[in-house]
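# Geometric and topological summary
What follows is the residue order along each chain.
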Amino acid sequence: MSLGLSVKDLAKRLGVTAQAVYQWERGERTPSLPMFVAIAHCLRIPLESLMEQAKDINTRQAIKLAGANLITKNEK
């Protein structure tokens, strides 16, 4: 599924600069956990699909737990 979002569109929706998005894409910086959640929401993808983008194991585990928490909240 293509959402037709440009980097500038995504940046605007996330409240960051396009430069920040480009830095994430190039692996120069890693978004915060709340930003990972926001990115997944904007792109309409499962949060867990962003885990491979996280550089360190702690961030990967946090994404996994956040995804499980979102699933639990949605089931209530």
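Residues numbered from 1 in each chain as written. Predicted model: local features only at pLDDT ≥ 70, side-chain atom pairs only at ≥ 80, totals over all residues. Heavy atoms only, no water.

## Some thoughts on the overall build of the protein
Formally: Elements are defined by DSSP. Helices are runs of H or I of four residues or more, strands are runs of E of two residues or more, and each kind is numbered from the N terminus. When accessible area is computed with a 1.4 Å probe and restricted to protein chains, residues below 20% of their type maximum are described as buried, those above 50% as exposed, and intermediate ones as partly exposed. Contact criterion: two residues are considered in contact whenever any of their non-hydrogen atoms come within 4.5 Å of each other. Note on areas: Shrake-Rupley with a 1.4 Å probe; residue coverage comes only from the protein chains shown.
A tally of helices and strands in the protein yields four helices and zero strands. Written out in order from the N terminus, the α and β elements of the protein read α-α-α-α. Looking at the protein residue by residue over its 76 residues, the buried ones come to 28%. Relative to all contacts within the protein whose residues are 6 or more apart in sequence, the contacts with residues 24 or more apart total 33%. Of the roughly 5500 Å² of accessible surface on the protein, a fraction of 53% belongs to carbon and sulfur atoms.

## Some details on the confidence of the model for the protein
Parts of the model with low pLDDT should not have their predicted coordinates read in detail. Basically, it comes down to this: The pLDDT value expresses, per residue, how confident the predictor is, ranging between 0 and 100.
Here the protein averages 80 in pLDDT, while 78% of its residues score no lower than 70. Within the protein, no element has a lower average pLDDT than helix H4 (residues 57-75), which sits at 64, and none a higher one than helix H1 (residues 7-14), at 95.

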